[in-house]
Amino acid sequence: MFARTSLAAVAAFILLFVFVPTSAQADEFGLAHKTIVIDAGHGGPDGGAETADGRPEKVVTLAIAKKLQVLLQQAGATVYMTRRSDDDLASDLDQAMGRRHQSDLRNRTRFAKSKAPDAFVSVHCNASPSPLWRGAHTIFMKDNPDGEQLAKMMQIRFKELLLPTKREADDMDTLYLLRRIPGPTVLAEVGFLSNPEEASALHTEKYQQRIAFAIYLSLLDYFQQATAPPDEDAS
Ligand SMILES: [Zn+2]
């Protein structure tokens, strides 16, 4: 009995003092101490896309962004939100001069860049003239390998966790925010409000939570890969 207890104590000692990473190592791993900017698309007078019965995109994007914020904070990340309420970021002067949309995008960009984020995710919903179009997908900026990597990892999680999608991560060269914010920057188009099945799911807390979790996991995938030691077997 004594010998067994001693063995257990030795094993516990080894686990505690040999195999447990130091706090510095733990801090470098995953999402701890990463700064993430989440951009909930649209807001205020800009409702974005709509469902057939007039429910706006801006409500869905903000709900997902808030859920994602909680998950990331629980993992130790510092999170900044471009908006936390039903408002856009256009200045009063620009709105009065009819430049609301440009002003909104400019201020989102400024805000994001001022935080020097380790990753930037903009959350949007899609819409098309046909109710048949469906499927979440991610978009990255052409010639941004970090954005491409995160977008592809996020697309894998979307396929695993969300309503069926055959879409792949797409590159673009004209998106205002992604073009101006360096690093792993991704636009997450989380589903089609014009598709009846996706529209009703997108307005439920349960599906919003699944989307937030899929985005969260992809960020975890990305940073775990980025901080993992190189694979010695890889040739
Ligand atoms: Zn949008």
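Structure first, text after, so check above.
This is a predicted model, so every value here is computed, not measured.

A. Broad picture of the pairing of strand β3 (residues 119–126). When you tally the buried positions in β3, you get eight out of eight residues, the bulk of the element. Along β3, one buried face is formed by A119, V121, V123 and C125 and the opposite face, lined by F120, S122, H124 and N126, is buried too. Summarising the sheet, β3 and strand β6 (residues 185–192) pair through six bridges and their orientation is parallel. Its bridge partner lying in β6, V121 is registered against V186.

B. Up close: the layout of surface pockets. Within this model, the largest pocket holds a volume of roughly 310 Å³. Lining the largest pocket we find 20 residues, and of these L105, H124, L175, L177 and L187 sit closest to its centre. A per-element tally of the lining of the largest pocket places helix α5 (residues 100–114) first, with four residues. A class-by-class count of the residues in the lining of the largest pocket yields eight nonpolar, seven polar and five charged.

C. Quick peek at the sheet that holds strand β2 (residues 78–81). Judged by pairing direction, the sheet is mixed, and its six strands sit side by side in the order β2-β1-β3-β6-β4-β5 without closing on themselves. Where the open sheet ends on each side, the last strands, each with one partner, are β2 and β5 (170–172). The mean angle between the axes of side-by-side strands here comes to 25 degrees, regardless of whether they run parallel or antiparallel. Where α5 meets the sheet, it contacts β1 (35–40), β2 and β3, and its direction lies at approximately 165 degrees from that of β1. Along the sheet face, helix α6 (residues 145–161) touches β3, β4 (137–141) and β6 and points at about 180 degrees away from the line of β4.

D. Broad picture of the environment of E189. As for its placement among the helices and strands, E189 is situated in strand β6. For the pair E189 and N126, spaced 63 residues apart in sequence, the C-alpha to C-alpha distance is 6.0 Å. E189 has contacts with H124, C125, N126, A136, H137 and I139, leaving out every residue within four places of it along the chain.

E. Summary view of the coordination of the zinc ion. In this structure, H42 (NE2), E57 (OE) and H124 (ND1) serve as the protein donors to the zinc ion, at separations of 2.0 to 2.2 Å. One chain supplies every donor for the zinc ion, spaced along it as H-x14-E-x66-H. With H42 in the loop between β1 and α3 (57–74) and H124 in strand β3, this pair connects stretches of sequence that are 82 residues apart. This pair shows no difference in class: H42 is buried, exactly as H124 is.

F. How the structure looks around the environment of S91. For S91, the position within the fold is in the loop between β2 and α4 (92–96). In this structure S91 comes out as partly exposed when scored by relative accessible area, which is 29%. Separated by 13 residues in the primary sequence, S91 and D104 place their C-alpha atoms 7.5 Å from one another. Apart from residues lying up to four places away in sequence, S91 is in contact with S103 and N107.

G. A look at the side chain of S218. Relative to the elements of secondary structure, S218 occurs in helix α9 (residues 205–227). From its side chain, S218 meets the backbone oxygen of I215 in a polar contact 2.7 Å long. What S218 contacts, discounting residues up to four positions off in sequence, is L150, M153, M154 and R157.

H. Up close: α6. Taking 1.5 Å as the rise per residue, α6 with 17 residues should run 24 Å; its terminal C-alpha atoms sit 24 Å apart, in good agreement. Within α6 the residues assigned to the buried category are G147, L150, A151, M153, M154, Q155, R157 and F158. Between a side-chain oxygen at the N-terminus of α6 and the backbone nitrogen of D146 the separation is 3.1 Å; the capping residue is N144.

The rules behind each value
Residues numbered from 1 in each chain as written. Predicted model: local features only at pLDDT ≥ 70, side-chain atom pairs only at ≥ 80, totals over all residues. Heavy atoms only, no water. Buried < 20%, exposed > 50% of the residue type's maximum accessible area, 1.4 Å probe, protein only. Helix = DSSP H or I, 4+ residues; strand = E, 2+ residues; numbered from the N terminus. Pairing = 2+ DSSP bridges. 1 Å grid on protein atoms, 1.4 Å probe; cavity = no way out; pocket = protein on both sides within 12 Å on 5 of 7 lines; lining within 4 Å. Points joined across faces, edges and corners; volume = space filled by probe spheres on them. Nonpolar A, V, L, I, M, F, W, Y, C, P; charged D, E, K, R; others polar. Axes fitted to C-alpha atoms, helices over the stretch in contact; angles between N-to-C directions. Contact = heavy atoms within 4.5 Å. Donors = N, O, S within 2.8 Å, 3.2 Å for Na, K, Ca; no water. Polar contact = N/O pair within 3.5 Å; in protein donor to acceptor, adjacent residues only side chain to side chain. Expected span 1.5 Å × (residues − 1).

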